[in-house]
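Close look at the chain arrangement
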Amino acid sequence: MMSYSLPEFLAHAIALEREAEERYVELADMMEAHNNLDTARIFRDMARFSKLHGDEVTERAKTVELRKLNSWEFRWRLPPEVGDDEGLHYLMTAYHALKYARDNEIRGMDYYRTVAEKSEDSEVRRLGNDFADEEKQHVEALERWIAVTPRPSGSWAEDPDPAQAL
Ligand code: ZN
């Protein structure tokens, strides 16, 4: 990863937070459709945090010229062993959806931390570390929910559990 300028960093952070917000809204809708209201609430909260953070960064970015970005750099990733259709099916359990979100929060955290380490711009370093700390709190919050969410057993699906491979 190259050393980002402040405008590049802000543009990346906005893309990352907007992506997270969209995914959390989708996950919340999915959990509601499956009457898993507690987990839906968690994802609504996470969507709100991402939106607030994205809005903050957008506000901060108003003073700088942002470059256009390829948002694919920030797409959330399904677990690699999960195919497209199965992916959705897989995420219909609260446990897997939470783990999926947790894994993507870890990617966000690592991303911000790496940017902070690599940048020669002191403001990028400062913001990168701030944002990484914020993502760390999201990771920890999701970890706490995962710990109290029943792990689906064989009853989850007739198919073998893709997560067993992890
Ligand atoms: Zn986050």
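Quick summary incoming for the structure in this document. (Residues numbered from 1 in each chain as written. Predicted model: local features only at pLDDT ≥ 70, side-chain atom pairs only at ≥ 80, totals over all residues. Heavy atoms only, no water.)

The next thing to look at is the overall build of the protein chain. Counting its secondary structure elements, the protein chain contains five helices and zero strands. Secondary structure elements of the protein chain occur, N-terminal to C-terminal, as α-α-α-α-α. Counting over 166 residues, the protein chain shows a buried share of 46%. Within the protein chain, contacts between residues separated by at least 24 positions form 78% of all contacts whose residues are at least 6 apart in sequence. (Helix = DSSP H or I, 4+ residues; strand = E, 2+ residues; numbered from the N terminus. Buried < 20%, exposed > 50% of the residue type's maximum accessible area, 1.4 Å probe, protein only. Contact = heavy atoms within 4.5 Å.)

With distances of 2.0 to 2.1 Å, the protein atoms coordinating the zinc ion are E105 (OE), E135 (OE) and H138 (ND1). When the donors of the zinc ion are listed by position in the chain, the intervening gaps give E-x29-E-x2-H. You can see E105 sitting in helix α4 (residues 94–118) and its partner E135 sitting in helix α5 (residues 122–147), a full 30 residues away along the chain. Judged by relative accessible area, which is 3%, E105 ranks as buried. Residue classification places E135 among the buried residues on the basis of a relative accessible area of 3%. (Donors = N, O, S within 2.8 Å, 3.2 Å for Na, K, Ca; no water.)

Before going further, it helps to spend a moment on the nonpolar core. The biggest cluster of nonpolar side chains holds 21 residues, and the ones touching the most others in it are Y24, L27, F43, W76, A101 and L142. Sorting the residues of this core by element identifies α1 (6–33), α2 (37–61), α4 and α5 as the ones contributing at least two each. Among all residues touching W76, those that are not within four sequence positions of it are E19, A20, R23, Y24, L27, Y100, A101, N104, E105 and R107. Listed in part, the 16 residues of the second largest apolar core include L6, F9, A61 and Y111. (Core = buried A, V, L, I, M, F, W, Y, C linked by side-chain atoms within 4.5 Å.)

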